[in-house]
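# Observations on the model geometry
Given next are the chains, with one letter for each unit.
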Amino acid sequence: MHRYFRICATALCGLWVSAASVTAEQALFEYYAILSPQDTYNSSGAPLNDVCAIVQQDRANVHKFGKRDAADNVDAFFTTPARRAMITGKCDYDPTYHTVARIRSQFIGYVRIVVFGTGDRITRIGVYEAAG
């Protein structure tokens, strides 16, 4: 029975550590932007076919190219190519609403972007419909 208790205690401790690392994620910052047709093409003019890539291009348009849409907020984080690369594959959005086709046709406008993570590590980026 003593051995059983030790195994259970170790398992519970492991669960506690896992839960702690999951809950450590927090909202680091947020900003508002317009995802517009100009954000659906990369710097070379090739079409982007991924919502996350469009969010990344929106930040490049704001910080690198000075091509801000009217309601684009300037964030203080995605100012470098390395930081914008952190966006790749981390977007969490409603795939029935936030689609490349809707963004290209201007049916998506104002979005709220919430960047989640721990410290300087980004774990996910929430893309939410916003009123504007």
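All values reported here derive from a predicted model rather than from experimental measurement.

## Looking at helix H2 (residues 51-63)
Helix length check: H2 (13 residues) gives 19 Å between terminal C-alpha atoms against 18 Å at 1.5 Å per residue, within 8%. Burial runs high along H2: ten of the 13 residues are buried. Put simply, Asp-50 is the residue that caps the front of H2, since its side-chain oxygen is 3.1 Å from the backbone nitrogen of Cys-52.

## A closer look at the nonpolar core
The biggest cluster of nonpolar side chains holds 21 residues, and the ones touching the most others in it are Val-55, Phe-78, Ile-113 and Ile-125. With four residues, H2 is the single largest residue contributor to this core.

## Examining the packing of aromatic side chains
Tallied over the full model, the rule gives five aromatic pairs. On the numbers, 5.5 Å between centres and 40° between planes, the contact of Phe-29 with Phe-77 is tilted. Here Phe-77 lies in the loop between H2 and helix H3 (81-85) and Phe-29 lies in strand E1 (residues 26-34), a separation of 48 residues in the sequence. We classify Phe-77 as buried; its relative accessible area is 17%. Plain terms: the ring middles of Tyr-32 and Tyr-110 are 5.4 Å apart, the flat faces sit at 20° to each other, and that makes the pair stacked. Here the residue Tyr-32 occupies a position in strand E1, and Tyr-110 occupies one in strand E3 (residues 110-118), the gap between them amounting to 78 residues. Following the ring pairs from residue to residue traces out a cluster consisting of Phe-29, Tyr-31, Phe-77 and Phe-78.

## Quick notes on the side chain of Thr-40
Here Thr-40 shows up in the loop between E1 and H2. Taking relative accessible area as the criterion, Thr-40 reaches 0% and is therefore assigned buried. Residues within four places of Thr-40 in sequence aside, it is in contact with Ala-46, Pro-47, Leu-48, Ile-54, Ile-103 and Arg-104.

Calculation rules
- Residues numbered from 1 in each chain as written.
- Predicted model: local features only at pLDDT ≥ 70, side-chain atom pairs only at ≥ 80, totals over all residues.
- Heavy atoms only, no water.
- Helix = DSSP H or I, 4+ residues; strand = E, 2+ residues; numbered from the N terminus.
- Expected span 1.5 Å × (residues − 1).
- Buried < 20%, exposed > 50% of the residue type's maximum accessible area, 1.4 Å probe, protein only.
- Polar contact = N/O pair within 3.5 Å; in protein donor to acceptor, adjacent residues only side chain to side chain.
- Core = buried A, V, L, I, M, F, W, Y, C linked by side-chain atoms within 4.5 Å.
- Phe/Tyr/Trp six-rings, centres within 6.5 Å; stacked < 30°, edge-to-face > 60°.
- Contact = heavy atoms within 4.5 Å.

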